[in-house]
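In case you want the letters, here they are:
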Amino acid sequence: MNTQWMKTDVLIVGGGTAGTMAAIKAKQANPQGDVLILEKANIRRSGAIAMGMDGVNTAVIPGNSTPEQYVREITISNDGILNQKAVYQTGKLGFEVIQELESWGVKFQKDAQGEYDLKQVHRVGKYVLPMPEGKDLKQILTRQVKRHKARVTNRVMATRVLVKDGRAIGAVGFDVRNGDFVVIQAKAVVLCTGASGRLGLPASGYLYGTYENPTNAGDGYSMAYHAGAELTNIECFQINPLIKDYNGPACAYVASPFGAYTANAEGNRFISCDYWSGQMMLEVWKELNSGKGPVQLKMTHLDEDTIAEIETILWANERPSRGRFHEGRGENYRTHGVEMNISEIGLCSGHSASGVWVNEKAETTMPGLYAAGDMASVPHNYMIGAFVFGRLAGTNAVDYIADLEHIEPDAEFLEAEKTRIYAPMTRPNGVPHTQIEYKLRRLVNDYLQPPKVDNKMKIGLRNFERYQETLDLMGARDPHELMRCMEVHFIRDCAEMAARASLYRKESRWGLYHYRVEYPEKNNEEWFCHVNLKKDSSGEMFLFKRPVEPYIVDVDIETEVYDVAVR
Amino acid sequence: MSNDIDSELNQWLEMLQSSDLSDRLVAVKSLQYLGDEDALEPLIAALGDESLAVQKLAVTALWELANPKAVPALLECLASPDLEIRAEALSALGELISPDRLLLLLDALHRDDLNMQLNVLILLRKIHDVQSLPYVLPFFESENAQLREAAVTTLRYLNQVERCDRAIPLLSDPDDSVRRATVLTLGHLVDSEVVPRLCQVLTSDLDWQVRRNAAKSLELHADPAAVVALELAIADEHWQVRKFALQAWQKTPDNRTMPILIQALTDEYSDVRREAAKSLAALKNPAALNALQQSLDDPDRDVCIYTQRAIETIQAATKEISNA
Amino acid sequence: MALITQRVDVPVIVDESKCLEKCTACIEVCPLDVLAKNPETGKAYMKYDECWFCLPCEKECPTNAITVQIPFLLR
Ligand SMILES: Cc1cc2nc3c(=O)[nH]c(=O)nc-3n(C[C@H](O)[C@H](O)[C@H](O)COP(=O)(O)OP(=O)(O)OC[C@H]3O[C@@H](n4cnc5c(N)ncnc54)[C@H](O)[C@@H]3O)c2cc1C
Ligand code: SF4
Ligand code: SF4
């Protein structure tokens, strides 16, 4: 096996939504600087937006809403636990991002007068901007990465951040095709590896039938943790209302402006707002358990032309195999509601709130380490938030490295990591990663899927701890299998964090995301705070309360409670 | 490193000239991935390849290069006999076209080719330039319904056009889709006949989508003169007409409509019931309270929420008056 | 560990008569890296059953040789 050494100024791990933007912005900030994107797949079609996006979920467009209103809405929907300054950035810079994307050729829906055609999906305010022609988003970003002369190394997966003298100095990983060991020295590292999307096991039992792009296995959560950075809100799981079995968005955001809505089996609405939130998920859960289920996205009352228009959008973008799925079942929007189900759990700030702690500059608590996108802790950040924080990470990293030199990584650490990575290759007859992963994720379902029960979570935690040894049974026969094995390591780390953080916060919050049977009420007195975790000096997982930063936009969270069902 | 790229580029450029179709396909695809500006001219040349598959990939590759120099060549593809090539070229141009290409587009509009004319009418919507008006108008009298529809839709996108009486006769067009488009365009025009004609269409057109669109346009006009027609439409046989008529009515609430609104509270469709509740809220008339109370246990949660809000609004308004 | 051969219904079907030997387009774009060339035939095939049914492979194939089905477990 060969070792490849690389050197760059700013290393970006993960060339998805946030990563490509971070690279472009770092090059714009200093065209002379060297920027390298390290990507497990190929940036042309990688990550959540591999096939584009149905729309922007959080567009703050002047004349329609203000950053302050946006911060208010997210504060209320996230039950008050957030760093408002960070959320404010998404509200403030989102519009510039949209304009810049547009100048690169990304098409957003406009009305006849050429104004952005925003739709209301949130409880208050219009923030959803459809992009019916959004399928080429990733190619457009790839073109800009090339034009800005950022370097790209595809098909290399990072496994650890290199740390020395208390700061991030690079990353290690391996080439998932030829197996080379890869060491990259950098002055700053930006992690943009997306969600922890392979945590729970989909009800179908198919490991890759996840909502998130299954390449995103929580790599960044785990890497940041091992680097010594803080993570937060991990107990605020991501759970989505998805097309049953298909596990993709139905997608109410697209269809509801056309008149579709979420309904119970009788065809009646039971929630007043289709915007995804823990509170909404709790209502869905209750409805399913009330005997009025299953829950459906209802379109049968709409006319042929409207349905045809919805179909063109849904079947060309984002998850274009949706059409094939319905067809295979002999179902049709004209005659059938789209049956929905509660998804398995995941971690993702893009949709809920868990991630690596970042401030309004995209800095983690580790000097030289930045994070952006679904793995950085800015709640409900979605695609525009990923772009905004990619941009912040890219520009601030360039500032940070101004007077820095490269540091030689620790030879001992490299040797140890090499041994860890390649261990499964020494056991070609070991248990296959598919089985190890299946069992791990089944345990996640068994013990962590809300409603959260104290004793169950404790059993879960014990299992996850013990699973360290199980990982040592895993065998790989080629670099591709090795990639999957290393992903299982990340998944285990995320499962342990999810169990510990959930046990730590002794109250219920965020609707179904953190619904604890033993503590069914919200308790602002004791728990109006973040639950953060990090690796302490002895290598143990350490949890603690971190106060919520002072608000910059006034919201009385005692009286302004997020509600989608009560009249 | 740049040497590598050059030799890679040259390798594909050479292959693009091959007589073997599979080689040319691989070459054009690879050039698309490579995204090298130096491939621009050869790719433009490939638009004339004898294989439609190569042509189509060349369109995609040029789109990804996004170099405006490719616009005239891509424009030619709008008249291609192949539907997929036309569609791909239209999307590409939708992104690449800029206002300084207006003359080029207007020129192409004169070409005696249905596909070219249709696609150019669509592209003119991206430019929003009122200068194209005189070129668009003659299509209102075209023999071809698709062209009439495209032209009257494009009219909606031309900024600064406030009046255009030549559009009004299209309200009696024999083709449903032309009338549907015309009615929407009239939502943005202020000629004096517009509102009366929209009212007429709202209550008499045989196509429900025309009637629904008329309601949408009347909402934009928010003209009290439309109330009588809207009242009739609130009892239309199609629920979408009822829903949008209620929404339009909310712009100019009128107490005389109350009995019809109360009836709509029990409509079969929840969207209509919800709009009825909103409408009663807009009236702030306490006489509606009884009917609203009964809607509080509507099986649809949204209807309940809006009914509750309506009751609160009316009660608050009544209190204000009695306090005054 | 014993090796067994197990038949699975794979989501990605390649029409070998259309697949071009010099082409690697689908393999390059697959986010899960599950496609490969059969060294014997030079044709693409699904090497690992780990598909997200996201479709870039199908969309980028110059000859429409690829069809992606929904994986059996979800169908
Ligand atoms: C199906 C779906 C629909 C959605 N719909 C919408 C919508 O309509 N509107 C909206 O605003 N948002 C939507 N979102 C959310 C939005 O897409 C995400 O929040 C956003 O794209 C996240 O960006 P990211 O950069 O964090 O992750 P990604 O774009 O997923 O990028 C992560 C990248 O990291 C790479 N990577 C992962 N691990 C490693 C590693 N170890 N080494 C190297 N590379 C690695 C991956 O291959 C990938 O390219 C949707 C998400 C999904 C999954
Ligand atoms: S993209 Fe199509 S032609 Fe190219 S290798 Fe794949 S299947 Fe074969
Ligand atoms: S559908 Fe997606 S995951 Fe499956 S083979 Fe094609 S590109 Fe790969």
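Right, let's walk through the structure included here. Please read these numbers as outputs of a predicted model, since none were measured by experiment. (Residues numbered from 1 in each chain as written. Chains lettered and ligands numbered in written order. Predicted model: local features only at pLDDT ≥ 70, side-chain atom pairs only at ≥ 80, totals over all residues. Heavy atoms only, no water.)

What follows covers the packing of aromatic side chains. Residue and element names in this part refer to chain A. For the structure on display, the rule yields 18 aromatic pairs over all chains. Their ring planes at 50° and their centres at 5.2 Å tell us that Tyr246 and Phe325 sit as a pair that is tilted. With Tyr246 in the loop between β12 (241–243) and α6 (252–255) and Phe325 in helix α9 (residues 322–328), this residue pair connects regions lying 79 residues apart in the sequence. For the pair Tyr246 and Phe325, one class covers both residues: buried. Grouping aromatic residues by their ring pairs yields a cluster made of Tyr211, Tyr253, Tyr275, Trp276 and Tyr382. Over the aromatic face of Phe237 sits the side chain of Lys452, whose NZ or CZ is 3.7 Å from the ring centroid. The ring of Trp357 carries the charged tip of Arg546 above its face, separated from the ring centre by 4.0 Å. (Phe/Tyr/Trp six-rings, centres within 6.5 Å; stacked < 30°, edge-to-face > 60°. Helix = DSSP H or I, 4+ residues; strand = E, 2+ residues; numbered from the N terminus. Buried < 20%, exposed > 50% of the residue type's maximum accessible area, 1.4 Å probe, protein only. Lys NZ or Arg CZ within 6 Å of the ring centre and 35° of its normal.)

Residues and elements named next belong to chain A. The local shell around ligand 1 holds 38 residues, among which Thr17, Glu39, Gly55, Asp219 and Asp374 are the closest. Here an oxygen atom of ligand 1 and a side-chain polar atom of Glu39 are 2.5 Å apart. Notes on ligand 1: free accessible area 1,000 Å², of which the protein chains cover 99%. Counting residues per element, the ones that place at least two in the shell around ligand 1 are α1 (17–29), β3 (35–39), β7 (156–164), α5 (219–227) and α10 (382–400). For the shell around ligand 1, the per-class residue count stands at 16 nonpolar, 14 polar and eight charged. (Near = heavy atom within 4 Å. Polar contact = N/O pair within 3.5 Å; in protein donor to acceptor, adjacent residues only side chain to side chain. Areas by Shrake-Rupley, 256 points an atom, 1.4 Å probe, with all protein chains shown as cover. Nonpolar A, V, L, I, M, F, W, Y, C, P; charged D, E, K, R; others polar.)

Residues and elements named next belong to chain B. Close contact between helix α8 (residues 114–127) and helix α10 (residues 145–157) brings their axes to 8 Å; oriented N to C, the two are set at 15°. When the interaxial angle is binned, α8 and α10 end up roughly parallel. Both α8 and α10 take part in a crossing whose hand is left-handed. Each of Leu114, Gln117, Leu118, Leu121, Ile122, Leu124 and Arg125 in α8 lies in contact with α10, whose residues at this interface are Gln146, Leu147, Ala150, Ala151, Thr153, Thr154 and Tyr157. Along the lines of polarity and charge, the residues of the contact of α8 with α10 split into nine nonpolar, four polar and one charged. (Axes fitted to C-alpha atoms, helices over the stretch in contact; angles between N-to-C directions. Parallel < 35°, antiparallel > 145°, perpendicular 65-115°, else oblique. Left-handed = near helix turned anticlockwise from the far one by under 90°. Contact = heavy atoms within 4.5 Å.)

Every residue close to ligand 2 is listed here: C:Cys19, C:Leu20, C:Cys23, C:Ala25, C:Cys26, C:Lys37, C:Ala44, C:Cys61, C:Pro62, C:Thr63, C:Ala65 and C:Ile66. Partitioned by chemical class, the residues of the shell around ligand 2 number 10 nonpolar, one polar and one charged.

Moving on to the interface of chain B and chain C. Facing the nine residues of chain B at the interface are nine residues of chain C. Each partner contributes to the roughly 720 Å² buried at the junction of chain B and chain C, and carbon and sulfur atoms together form 67% of this total. Ranking the residues of chain B by area buried against chain C places B:Val26, B:Lys29 and B:Tyr33 at the top, with a combined share of 57%. Our count for the chain B to chain C interface comes out at two salt bridges. A salt bridge links B:Lys29 to C:Glu60; its shortest N-O distance comes to 3.1 Å. (Buried area = accessible area lost by both parts, 1.4 Å probe. Salt bridge = Lys/Arg side-chain N within 4 Å of Asp/Glu carboxyl O.)

Here we come to the side chain of A:His514. Residue and element names in this part refer to chain A. Following the sequence through the fold, His514 ends up in the loop between α14 (479–504) and α15 (524–527). For His514, a relative accessible area of 0% corresponds to the buried category. Only 3.0 Å separates the side chain of His514 from the backbone oxygen of Arg505, close enough to count as a polar contact. A distance of 3.1 Å separates the side chain of His514 from the backbone oxygen of Glu507, its partner in a polar contact. What His514 contacts, discounting residues up to four positions off in sequence, is Glu235, Lys452, Ser502, Arg505, Glu507, Ser508 and Arg509.

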